[in-house]
Amino acid sequence: MNIDFCSLLLTSPKSSPTARSWSLRNQNQGQGQAELSSTLLIMTMKVFVAVFSILLLADLCLIVSVQRADVTPCCNNFVNHRIPQSLVIGYAWTSSLCPKPGVLLETKQGVKVCANPSVNWVQRYMKNLGLG
């Protein structure tokens, strides 16, 4: 019995057209899985960057709000009458970020009153207190 190895190789499942197309499909599926894997990696990185950016922005807002908490309040209205100087124990300027300059006069009772720094009696109180 004479076996032609060449014909066996040509008709073997590895070399048949069906087997070749199956092999190409598997290679394509492998490439598709690699593309899918890299796409998922890119999407994961984008989500990570977005979440990190949001957290960074939230942290920045928190820092700004903490810094503003230390700033003295602004005066929208000033006291219309003169407060007796014997009741005033201290003063503080309002923040430079306020729309109009003001002075917070602190009384012995711990009450803080907004006063206009351009008024003579307020200037005199600040000079007498000498706190700066």
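Refer to the structure presented above.
These lines cover the structure that appears in this document, whether it is placed above or below. Being a predicted model, the structure only gives us computed values, none of them experimental.

With that settled, consider the environment of Ser118. With respect to the helices, strands and loops of the structure, Ser118 is situated in the loop between strand 3 (112-115) and helix 3 (120-129). In this structure Ser118 comes out as exposed when scored by relative accessible area, which is 52%. Considering only alpha carbons, one finds Ser118 and Pro101, 17 residues apart in sequence, at a separation of 9.2 Å. Reaching out from Ser118, the side chain makes a polar contact with the side chain of Asn116 at a distance of 2.8 Å.

Those residues of helix 3 that sit buried are Trp121, Val122, Tyr125 and Met126. Buried residues in helix 3, looked at end-on, bunch into an arc of 140°, giving them a common side. Looking at helix 3, the residues exposed on the side facing more than 90 degrees away from the buried face are Asn120 and Lys127. The elements touched by buried residues of helix 3 are strand 1 (88-93), strand 2 (103-107) and strand 3.

Thresholds, definitions, all that
Residues numbered from 1 in each chain as written. Predicted model: local features only at pLDDT ≥ 70, side-chain atom pairs only at ≥ 80, totals over all residues. Heavy atoms only, no water. Helix = DSSP H or I, 4+ residues; strand = E, 2+ residues; numbered from the N terminus. Buried < 20%, exposed > 50% of the residue type's maximum accessible area, 1.4 Å probe, protein only. Polar contact = N/O pair within 3.5 Å; in protein donor to acceptor, adjacent residues only side chain to side chain. Arc of directions from axis to C-beta. Contact = heavy atoms within 4.5 Å.

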